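# Architecture at a glance
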Amino acid sequence: MAKVKHYTLDEIVEDDFSLIAIHSSCEGYYLAFLLNTHCKSSFVQSKNSKVSKQQMDYPFESYEWIDPINGIEIRIISNKHLIFQDENQKGSSLFDLPKTKELYLVKDLKDVDYIIKIKTGIETQLLLDKMESIVQISYRYLIDQSQLNLDLIKT
């Protein structure tokens, strides 16, 4: 007689993460530096950000702090990207400006400059409290994910 084995598949949990919105006028690399300094983090530029602009399908600037030993996976992603459409045209007038187009990672949050995605490794409220001492961040808050369309951020 052959023994029959029965396996039960538990419910598969979707990715659980927290999102923090940041309003800041500083550049992405400087924000990563400030977070590294004040929050004792280790953000570095993401590999997809190091690709040249012509080859990029993902134009948003991003930084990551991934530490598999301590179970940390956090990303900083810019929410805005400017595309200059008439870059090759040189105008003869002082007021000839190239046409620009703004892209948003999360269109529901057009005022937000950067989004921090905390997947694992650190408490969201702890990071928010540590960011309070950074003068260059004018406003930061936890994003209510139920109100947003987050198809791009889940990757």
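Just above, that's the structure.
Residues numbered from 1 in each chain as written. Predicted model: local features only at pLDDT ≥ 70, side-chain atom pairs only at ≥ 80, totals over all residues. Heavy atoms only, no water.

## Here we look at a nonpolar patch on the surface
We apply this condition: A patch is a set of surface residues, each over 30% in relative accessible area and not in a salt bridge, joined within 9 Å for like charges and within 5 Å for the nonpolar side chains Val, Leu, Ile, Met, Phe, Trp and Tyr. Accessible surface area values rest on a Shrake-Rupley calculation with a 1.4 Å probe, where residue burial reflects the displayed protein chains alone. Whenever a carboxyl oxygen of Asp or Glu lies within 4 Å of a side-chain nitrogen of Lys or Arg, that contact is scored as a salt bridge. Secondary structure elements are taken from DSSP: a helix is a run of H or I of four residues or more, a strand is a run of E of two residues or more, and numbering for both begins at the N terminus. The buried label goes to any residue with under 20% of its type's maximum accessible area, the exposed label to any with over 50%, and the partly exposed label to all in between, with areas taken from a 1.4 Å probe on protein chains only.
Together, Tyr29, Tyr30 and Phe33 make up a nonpolar patch on the protein surface, roughly 350 Å² of accessible area in all. Relative to the assigned elements, Tyr30 resides in helix 1 (residues 28-39). Tyr30 gets classed as partly exposed once you look at its relative accessible area, which sits at 32%.

## So, the environment of Leu148
Test applied: Here, two residues are considered to be in contact whenever any of their heavy atoms come within 4.5 Å of each other.
Topologically, Leu148 is positioned in the segment after strand 8 (137-142). Since its relative accessible area comes to 17%, Leu148 is described here as buried. For Leu148 and Lys107, which are 41 residues apart along the polypeptide, the C-alpha to C-alpha distance reads 8.8 Å. Non-local contacts of Leu148, meaning those with residues more than four positions away in its chain, are made with Val106, Asp108, Leu109 and Ile143.

## So, the packing of aromatic side chains
Rule in force here: Aromatic contacts are taken between Phe, Tyr and Trp rings whose centres are within 6.5 Å, Trp giving its six-membered ring; a plane angle under 30 degrees counts as stacked, one over 60 as edge-to-face, and the others as tilted.
On inspection of all chains with the given rule, the structure shows three aromatic pairs. Both rings, one in Tyr139 and one in Tyr141, keep their centres 5.0 Å apart while their planes meet at 45 degrees; by these two values the pair is tilted. Tyr141 sits in the partly exposed class, given a relative accessible area of 25%.

## Concerning helix 2 (residues 124-131)
Filter applied, for reference: For this quantity, the arc is that covered by the directions from the helix axis to the C-beta atoms.
When helix 2 is considered as a whole, its buried residues turn out to be Thr124, Leu127, Leu128 and Met131. Down the axis, helix 2 shows its buried residues gathered within 100 degrees of arc, on one side only. The elements touched by buried residues of helix 2 are strand 1 (18-24), helix 1, strand 7 (114-120) and strand 8.

## Points about the pairing of strand 4 (residues 72-78)
Note the cut-off: At least two DSSP bridges between two strands are needed for those strands to be called paired.
Summarising burial for strand 4: five of the seven residues are buried, a large majority. Where strand 3 (residues 62-67) meets strand 4, six bridges bridge the pair, whose relative direction is antiparallel. When the sheet's bridge partners are listed, Trp65 is paired in strand 4 with Ile74. The turn joining strand 3 and strand 4, which pair antiparallel and follow one another in sequence, is formed by four residues; a positive phi near 75 degrees is taken by Gly71. Bridge count for strand 4 against strand 7 is six bridges, and the pairing is antiparallel. Residue Glu73 lies in a different strand from strand 7, and its bridge partner there is Thr120.

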